[in-house]
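Residue strings, one per chain:
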Amino acid sequence: MFYLAKKGHTIVGVEYIELGVNQFFDENKLSYKTKHVPEIDGDVYENEENNIKIYCDDYFKFGPTLETNVDGVWDRGKYTDIMKSVMKRGAPCVTEVPDRPVGEGPPFNLTADEITHLYNLKTPPEKVDYDPASEILKSMNVDGMIYYYYKINS
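The structure displayed is predicted, hence computed values, not measured ones.

## Here's the deal with the overall build of the chain
Here is step 1 of the chain: Counting its secondary structure elements, the chain contains five helices and eight strands.
Here is step 2 of the chain: Along the chain, from the amino end to the carboxyl end, the secondary structure elements read α-β-α-β-β-β-β-α-β-α-β-α-β.
Here is step 3 of the chain: Over its C-alpha trace the chain gives a radius of gyration of 16 Å, about what one expects of a compact globule, namely 15 Å for 154 residues.
Here is step 4 of the chain: Each of the three principal axes of the chain carries a C-alpha extent, and together these read 40 × 40 × 30 Å.
Here is step 5 of the chain: Among the 154 residues that make up the chain, the fraction classed as buried is 37%.
Here is step 6 of the chain: Total accessible area on the chain stands at roughly 9900 Å², and carbon and sulfur atoms take up 49% of it.
Here is step 7 of the chain: Of the side-chain charges in the chain, 17 are positive and 26 negative, and the distance between the mean point of each set is 6 Å.

Following this line, the structure appears as structure tokens:
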């Protein structure tokens, strides 16, 4: 996210766990202000200098009452209804999908066919890259897992 912010993009994130939000700002040495958001019964953390906002709440309470006209999305799960509700028509989306046995997780596997169905795509998503499991996941004995990145044109 910070990489994209440094390139001039406005970043909006949604995270359920406050520790994850704090770690993002700490790891990137960014200051932030916190404001309560009653609609989600949570908080938004903002770094105005870099145009970064991260909502800390129940993801399923997030939606177009808070953000709209999103130009692009990076998603890690099956949150397509929420993503589609805030995206501009035709906006690209990159989704990160773990290669894991079906039913094992979280994070859970999501096939290209499932992505096509969930986003109601006319053509399958394009697999654009992959990464091995992070050091944190390796410490949880999931070192064989690979993350695939699919580009979706909605």
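## A word on the pattern of salt bridges
Side chains that differ in charge, positive against negative, can pair when their charged atoms come close.
Here is step 1 of the chain: Under the criterion given, the structure shown has one salt bridge.
Here is step 2 of the chain: The partner of Glu67 in a salt bridge is Lys53, with the nearest N and O atoms 2.8 Å apart. You can see Glu67 sitting in the loop between strand 4 (52-56) and strand 5 (73-75) and its partner Lys53 sitting in strand 4, a full 14 residues away along the chain.
Here is step 3 of the chain: Classification of Lys53 as partly exposed rests on a relative accessible area of 24%.

## Section: a nonpolar patch on the surface
Here is step 1 of the chain: Taken together, the side chains of Tyr16, Ile17 and Leu19 make up a nonpolar region of the molecular surface, amounting to roughly 360 Å² of accessible area.
Here is step 2 of the chain: Checked against the element boundaries, Leu19 lands in helix 2 (residues 18-27).

## Let's talk about the pairing of strand 4
Here is step 1 of the chain: The buried fraction of strand 4 amounts to four of the five residues, a majority that puts the element mostly inside the structure.
Here is step 2 of the chain: The pairing of strand 1 (residues 11-15) with strand 4 spans five bridges and is parallel. Bridge assignment links Glu15 to a residue of strand 4, and that residue is Cys56.
Here is step 3 of the chain: In the sheet, strand 3 (residues 42-47) pairs with strand 4 via five bridges, with the strands oriented antiparallel.

Reading the values: the criteria
Residues numbered from 1 in each chain as written. Predicted model: local features only at pLDDT ≥ 70, side-chain atom pairs only at ≥ 80, totals over all residues. Heavy atoms only, no water. Helix = DSSP H or I, 4+ residues; strand = E, 2+ residues; numbered from the N terminus. Rg over C-alpha atoms; globule rule 2.2 N^0.38 Å. Buried < 20%, exposed > 50% of the residue type's maximum accessible area, 1.4 Å probe, protein only. Areas by Shrake-Rupley, 256 points an atom, 1.4 Å probe, with all protein chains shown as cover. Lys, Arg positive; Asp, Glu negative; His and termini not counted. Charge placed at Lys NZ, Arg CZ, Asp CG, Glu CD. Salt bridge = Lys/Arg side-chain N within 4 Å of Asp/Glu carboxyl O. Patch = residues over 30% accessible without salt bridge, like charges linked within 9 Å, V, L, I, M, F, W, Y side chains within 5 Å. Pairing = 2+ DSSP bridges.

Bear in mind that shape data such as this cannot, by itself, settle questions of function.
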